[in-house]
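Spelled out, the chains give:
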Amino acid sequence: MADDIVFELLHSEIINYALEPKSTNGSKEVDLSVVEYIGFAAGYKIMERLTREWPRFKDELDTMKFICTDFWTCIYKKQIDNLRTNHQGVYVLQDNAFRFLTNFSNGHQYLEYAPRYVAYTCGLIRGGLANLCINSIVTAEVQSMPSCKFHIHVQRT
Amino acid sequence: MAVCVAVIGKDNSPLYIGGIGNDTSTDNELSRQWLVHTALDALEERLATTNSNNATASANAARTDLRDLYLGLLYSTDTHKIYGYVTNTKIKLVLVTSSTSPSGSNIRDAEVRTALRRLHALYADAICNPFHLPGDQIISQKFDRQVKSLMVNNV
């Protein structure tokens, strides 16, 4: 669908733009923090809108279920396929057909570039949770595309 | 009628306080802040009982009621009634109505609920403004205008 592809193209262009070699320092290190921050700001703002019609969350797990269902559906048109937790603040969200990866690979080709395409989503989850008063660290793991795992470590104070 | 509307942030800092009317006790910023400030304790008390009741798994009907974002009448003074609403993101919305004005004595709960839900919608739009930084005061004139018209028309 045309309106979906616009988002995907914009996303991949932002990544290309963020990774453009800076003439000043000339380092070849890949810096994805800009992309992650864009995701954080977007997640923070969209959360206010998405939770408007939602009753108050009972606990952290309830919040994570919301992320897996409604939040994910809103952005990626599908739900998370698997949610695991150790009940001590670690949650693993598995998406078997992650939208940003399905387009270009099915297997190991381009595997080394995969981290670029999950940074935005890590920020998005982190921003959304931050607005719900849950501080977290979100990392992603891609073993075989197009499936992807997001690890959420909730920081308790 | 509604005389004052306030948006309070996660850390209890005022993000927006707006009021209308020529009532002497609400026509200046300071007295509005004072009115809203007195409501915060009642608001947090209400939230705390919500959480503890959920933990002890009280009756189902009661729980669904407590999970409502709208918290109802927080308390009333001789001249004003103060209603509260807390979003999932811990933003507190407070609406103050005057109970002395002729139309103020018979405000229905449902009307206040609708007004606060619309205020929440306006707030969600306001923070999507790219010039607004989360946690800052809302200085958008559009938001101000919309809130004032909400206060005139709704309650």
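Quick caveat, the model's predicted, so the values are computed rather than measured.

Scoring rules and cut-offs
- Residues numbered from 1 in each chain as written.
- Chains lettered and ligands numbered in written order.
- Predicted model: local features only at pLDDT ≥ 70, side-chain atom pairs only at ≥ 80, totals over all residues.
- Heavy atoms only, no water.
- Contact = heavy atoms within 4.5 Å.
- Buried area = accessible area lost by both parts, 1.4 Å probe.
- Salt bridge = Lys/Arg side-chain N within 4 Å of Asp/Glu carboxyl O.
- Polar contact = N/O pair within 3.5 Å; in protein donor to acceptor, adjacent residues only side chain to side chain.
- Helix = DSSP H or I, 4+ residues; strand = E, 2+ residues; numbered from the N terminus.
- Expected span 1.5 Å × (residues − 1).
- Buried < 20%, exposed > 50% of the residue type's maximum accessible area, 1.4 Å probe, protein only.
- Patch = residues over 30% accessible without salt bridge, like charges linked within 9 Å, V, L, I, M, F, W, Y side chains within 5 Å.
- Areas by Shrake-Rupley, 256 points an atom, 1.4 Å probe, with all protein chains shown as cover.

A. Structural view of the interface of chain B and chain A. On the side of chain A, 17 residues touch chain B, which itself brings 29 residues to the contact. Here chain B and chain A share an interface that buries about 2,000 Å² over both sides, 50% of which is from carbon and sulfur atoms. Summed over the three residues of chain B that lose the most area to chain A, namely B:R67, B:N88 and B:T89, the buried surface amounts to 33% of that side. Applying the counting rule to chain B against chain A returns two salt bridges. Applying the counting criterion to the chain B and chain A interface returns ten residue pairs in polar contact (both at pLDDT 80 or more). When residues of the side of chain B that touches chain A are traced back to their parent elements, those giving at least two are α1 (29-55), α2 (60-66), β4 (80-86) and α3 (109-127) of chain B. Per-element tally for the side of chain B that touches chain A: the top contributor is α3(B), with seven residues.

B. Seen up close, helix α2 (residues 33-50) of chain A. Compared with an ideal rise of 1.5 Å per residue, which puts 18 residues at 26 Å, α2(A) spans 25 Å between its outermost C-alpha atoms and is within 8% of the ideal. Looking only at α2(A), the buried set comprises A:V35, A:E36, A:G39, A:F40, A:G43, A:Y44, A:K45, A:M47 and A:E48.

C. Representation of a nonpolar patch on the surface. All names here are of chain A. A cluster of nonpolar side chains, I5, V6 and L9, forms an exposed patch at the surface whose accessible area comes to about 270 Å². Locating V6 in the fold gives a position in helix α1 (residues 2-18). On the basis of relative accessible area, V6 is assigned to the exposed category, the value being 53%.

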